2 protein chains.
Amino acid sequence: MPHPNDPSLRSFIEVDPASDFPIQNLPYGVFSTADGRAPRLGVAIGDYVLDLWEIEQDGLISAGDPGTFAGGLNALMHLGPKVWSKTRARISELLRHDNPELRDNQQLRSRALVPMRDARLHLPFTVSGYTDFYSSKEHATNVGVMFRGKDNALQPNWLHMPIAYNGRASTVVVSGTKVKRPRGQLKPPNVELPSFAPCKRLDFELEMGVVIGQPSPMGGMLSEQQAEEMIFGFVLLNDWSARDIQQWEYVPLGPFLAKAFATSISPWVVTREALEPFRLKGPEQEPAPLDYLRQTKPQNYDIALDVSLRAAGTNAPASISRTNFKYMYWSSVQQLMHHASSGCAMNVGDLLGSGTISGPEKEQRGSLLEISWNGTEPVELPGGAKRSFLDDGDSLVMRGWCQGNGYRVGFGEVEGTILAAE
Amino acid sequence: MPHPNDPSLRSFIEVDPASDFPIQNLPYGVFSTADGRAPRLGVAIGDYVLDLWEIEQDGLISAGDPGTFAGGLNALMHLGPKVWSKTRARISELLRHDNPELRDNQQLRSRALVPMRDARLHLPFTVSGYTDFYSSKEHATNVGVMFRGKDNALQPNWLHMPIAYNGRASTVVVSGTKVKRPRGQLKPPNVELPSFAPCKRLDFELEMGVVIGQPSPMGGMLSEQQAEEMIFGFVLLNDWSARDIQQWEYVPLGPFLAKAFATSISPWVVTREALEPFRLKGPEQEPAPLDYLRQTKPQNYDIALDVSLRAAGTNAPASISRTNFKYMYWSSVQQLMHHASSGCAMNVGDLLGSGTISGPEKEQRGSLLEISWNGTEPVELPGGAKRSFLDDGDSLVMRGWCQGNGYRVGFGEVEGTILAAE
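Residues numbered from 1 in each chain as written. Chains lettered and ligands numbered in written order. Predicted model: local features only at pLDDT ≥ 70, side-chain atom pairs only at ≥ 80, totals over all residues. Heavy atoms only, no water.

1. Here we look at the pattern of salt bridges
All names here are of chain A. We apply this condition: We define a salt bridge as a side-chain nitrogen of Lys or Arg found within 4 Å of a carboxyl oxygen belonging to Asp or Glu. Each helix is a run of H or I in the DSSP string that is no shorter than four residues. Each strand is a run of E no shorter than two, and both are numbered from the N terminus. We call a residue buried when its accessible area falls under 20% of the maximum for its residue type, exposed when it is over 50%, and partly exposed in between, using a 1.4 Å probe and counting protein chains only.
Inspection of the entire model under this criterion finds 55 salt bridges over all chains. Across the salt bridge formed by Glu422 and Lys180, the nearest N and O atoms sit 2.4 Å from each other. Of the two residues, Glu422 is situated in the segment after strand 26 (408-419) and Lys180 in strand 9 (residues 179-180); the sequence distance between them amounts to 242 residues. In this structure Glu422 comes out as exposed when scored by relative accessible area, which is 70%. When its relative accessible area of 24% is taken as the criterion, Lys180 is described as partly exposed. For Arg243, the salt bridge goes to Glu205, with nearest N and O atoms at 2.9 Å. Placement of Arg243 in helix 8 (residues 243-249) and of Glu205 in the loop between strand 12 (202-203) and strand 13 (206-212) is noted, with a sequence separation of 38 residues between them. In this structure, Arg243 and Glu205 share a single accessibility class: buried. When salt bridges that share partners are traced, they join Asp35, Arg37, Glu54, Asp58 and Arg111 into one network.

Next up, the structure:
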C-alpha cells in the first residue's frame, strides 16, 4: 500500500491543484450541518468534508474506541501516534480513486461527503492549556530595536531558550469568530494617569500553533523523539494583541489582558505526518543549545504564509505580509522539550503558539507593530486606506501552505473581523 | 430555619472547638476510601467526611441533577449560587443535633460518615485555568525594595490594577503531593553562560486561591455583584517558585517554568457563604480605583494564616510566618472584575491565586525570599538548621482559619515535601 504522503496518489473526488486539501493532506476538523446534529469529526478533501462519524457507523473505519469520531479531536489524539497513522492511512485508502469501497457506495457518499460550503466549522479540539512562545529571531529583534535600540535588541536570555508565557485557553476561538475590540487600562507615556477605554492599538500576530496530542507526566522531561511523537499537528494562529494595554500592564509579570480577549485558530488541524515531506533544517543556532534542547533531526517546516487585510468598508483584501514558518529560530520540538523541562505536565489538547513569525525581509513582518514600525510607517491599502493598527470592521485573513510538486498541503485560513467595543 | 452560619448551631457529630470543620463551615472536598470506589464529593464535619453521594442515593439530598455528587466539585458549581446555598443549607440541616433524619439512621451513618483518617483526599475540582495575581502591597514592596531599591519599589502600574499572569493549570495538585525540585536554566549574575541544573533557590509563596464557580462570556464585563456571585469558594494555595529559574527567564514575558512545576492547594474548598461573617474592609485604596474596579462592599476576609517548615531530618515543624488574608490590597472581587474586563471569558473551575500574602510586620512575610531577605538573613529553625531556601526533604505546611466566637471556620492545611531532582 502506498504511503498516504505519496505525491502520485489521486482521489475519486476531484481536487484542484491549487486546493489546500488534496489526498496528501487529510486535515481534521469538527463540523456540523444545518440539520441540527451535533458537531462531529471530519477530514477535508477538495471542496468536501468527509464525515468520519458516518463512515464509522457503516463500519468502514474504526480507531478502536467506538465514538472516537463523534466529537472533537481530543478523543482521537488520546489514542496515540500509532492510531493516528493507521487512521490517516485508512482514510487515504478510502478516498483513493482506485478503491470502490466508498467511491461506489452512492448511498454512503451522499451521507458522508458534505460540500464544504454546507459545513459549519467549529473549534477542532478542546484547548487544555495555551502557551505562547516568542521564537522568531527576526520578530524579537524588530521589537527590541523599536523599544530598546539596535544594540540591546535581543534580551540576554533569548538565544539560550525559547522564551514563552502562559496564554489564556478560554478565549481560543475558531476562524470566523468576530473579535470585539477589547477595553483596558491605557496610559500613553505622555499622560499622567491611566484611563479605561477601548484599545487604540489593536494588532494581529501571525503564528502557527502546535497541537499536543499526548500527555507527559508532572516531573518528567522529554527527549527529542518523545517530544516529536507528542505533536499531533499544526494550525494557523492569530494572537490578537492590544499593544497599548500590553505596554502598561506587562511589567513585571508579562502580557495578560492584552492577549486574553481572543486567539483565533484555523479550523483544520494538519497532521505532523502530512507535513513530513516539507521538513527542513532551521537557522543555525549559535551559541549551541544546552543538551536538553539539542535536536538531531531537521525540525522546521517549509510553510509559506500570507496575511491579507480587508479594510472596513472596502472589498479589496490586500496582502500585507508574506513569510515562511521555516525562519523560526526555535523549533516546535525544542519549545516542547523546554516546556516540560522543569517538570511541567503536558496535556492532550495543549496548544503552543510559535510566536509571531517574521522573516528577514521587510515584507515578511508578522504584525502591524512591525509592518508600521510602531505606527510611524502606516501601511497603504487599495482604495487609499492607511493602517498603523486595526480599525473596527477590518478583516484579517492568514493563509498557509506547503507547496508540493503539483499539489499543496494547505491549512485553509484563519479569519477574524473586528467589532467595535461596546 | 436558622441560617447555616448561625454560631449557635450544633451537630450531632462532636466537633472540637479548635477543629477547622464545625457545622458553620461545611467545606467541600473530593475523597475516596480503601474499598476502591471512585472519588466522590464530601463535606468535612469535625473528624469525619460526610459522603454526599451516599446520602443522595438514600434520597436525603438532591441538587436537581442526579449524579452531581458523584465526582469533582465542577458539577455542583455549574448549577449556580442558588443551588450552592440550598445545598449547604440542606447539609447543615442534616447534620444538626436536633434532626433525626441522619442522626438516627445508623445504617446510613455507617456508610455516609467516613472517619477523616480513612479518607484519601483528591484535587477537589478540575482546574480550567489558573491565574496568579500579585496583590499584596507589602509583598510587592518587599520584592521591589530587594531588587530595585526603596525609591522604585512599586512599579508604576501596581496601584492602578491587580497585576497578574496566567499560570499553568496542568500542575495544580492537592496537598500531600510530593514536589520534585525542578531543573531549569540557571545563570547567576556572576557567571557568563547559563547551565541546566536543579534549582538552588526553591521557595514557597503563601496564597489563597479563589475558585470560580460560574462562567462569564467572552467579550463581557462584570459588575461587583456579578463577580462576587461567580465566586464559589476559597482554598489555601502554595505557589512553589524557583527563584533562580525565574530570575533568568522572566524578562520580558513574565514567569513561566519557574512556576510551572507545581502549585499545591488545600483539599477543602471553603464556600464564600461560610466566610460571610468574616468579611471586612480592605486597606484604603489611594489613588481611587478606576470605575470598573470600584467596590461598594467590604470585600476582604479576616483569615489568619500560618506557615510552618519542618526541616529535612527533623521532627519539629516551626512557624516561620503568621499573617492574614485581610491585608490584601486588591480584593478577589476586584481581581475577577479586572480579569474579565478585556473580554476574557471565565470558566467554571478557574482558579485565581491571590498572590503572596505578606503583612506589614517582619514575621508576616509570605515567602522565603522575603523572610531570608534574598538569602542574606537565613531563618533559624529548631535543632539548629538554617534556611534561606528549601532543601530536599523539607516539608512546608500552610494553615488558615477564621476565628469565630467559640468556633473556627478553617481550611485545614496544604502540605508539600520536596523531593530531590532526579
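Moving on, there is more to tell.
2. Quick notes on the UniProt feature "binding site: Mg(2+)" (unreviewed entry) in chain A
Residue and element names in this part refer to chain A. The cut-off we apply is this: UniProt positions are given in the numbering used here, feature names are shortened, and annotations may be inferred rather than shown by experiment. Note on contacts: a residue pair is in contact if any heavy atoms of the two residues lie within 4.5 Å. Here a polar contact is recorded for every N or O atom pair within 3.5 Å, except that within protein the pair must consist of a potential hydrogen donor and a potential acceptor, and residues adjacent in sequence are included only if both atoms are side-chain atoms.
Feature annotation in UniProt assigns "binding site: Mg(2+)" (unreviewed entry) to the following positions: Asp239, Lys259 and Thr263. For the annotated residues, spread through 25 residues, the largest C-alpha to C-alpha distance comes to 7.6 Å, consistent with a single compact locus. Relative to the elements of secondary structure, Lys259 occurs in the loop between helix 8 and strand 16 (263-265). In this structure Lys259 comes out as buried when scored by relative accessible area, which is 7%. Among all residues touching Lys259, those that are not within four sequence positions of it are Tyr165, Glu205, Asp239, Trp240, Ser241, Arg243 and Gln246. Side chain to side chain, Lys259 and Asp239 meet in a polar contact 2.9 Å long. Within the secondary structure, Thr263 is located in strand 16. The class of Thr263 is buried, set by a relative accessible area of 0%. Among all residues touching Thr263, those that are not within four sequence positions of it are Tyr130, Thr171, Val172, Val173, Leu237, Asn238, Asp239 and Trp240.

3. A closer look at the interface of chain A and chain B
Keep this limit in mind: Note on terms: buried area is the combined drop in 1.4 Å-probe accessible area of two parts once they are placed together, counting the loss on both.
The interface of chain A with chain B comprises 56 residues on the first partner and 56 residues on the second. Roughly 5100 Å² of surface becomes buried between chain A and chain B when both sides are summed, with 64% attributable to carbon and sulfur atoms. On the chain A side of the interface with chain B, the three residues burying the most area are Arg168(A), Leu253(A) and Phe256(A), jointly 15% of the side's total. Linking chain A with chain B are two salt bridges, by the criterion used here. A salt bridge links Arg168(A) to Asp350(B), with the shortest nitrogen-to-oxygen separation between them at 2.6 Å. Our count for the chain A to chain B interface comes out at 19 residue pairs in polar contact (both at pLDDT 80 or more). For the side of chain A that touches chain B, the secondary-structure elements that each account for two or more residues are strand 6 (130-133), strand 7 (164-166), strand 10 (183-186), strand 11 (195-198), helix 8 and helix 10 (332-340) of chain A. It is strand 7 of chain A that contributes the most residues to the side of chain A that touches chain B, three residues altogether.

4. Brief notes about the sheet that holds strand 3 (residues 48-51) of chain B
All names here are of chain B. Inclusion rule: Pairing between strands is defined by DSSP: at least two bridges between the two strands are required. Axes here mean lines fitted to C-alpha atoms, for a helix over just the part in contact, with angles spanning 0 to 180 degrees between N-to-C directions.
Taken in spatial order, the five strands of this open sheet run 4-3-2-1-5, and their pairing is antiparallel. One side of each edge strand has no neighbouring strand; the edge strands of this open sheet are strand 4 (113-115) and strand 5 (120-122). Shown here is a sheet whose adjacent strand axes are inclined to one another by a mean of 50 degrees, direction ignored. Summarising the sheet, strand 1 (residues 28-32) and strand 5 pair through three bridges and their orientation is antiparallel. Bridging across to strand 5, Val30 finds its partner in His122. Here helix 3 (residues 81-95) sits on the sheet in contact with strand 1, strand 2 (40-45) and strand 3, set at roughly 65 degrees to strand 1.

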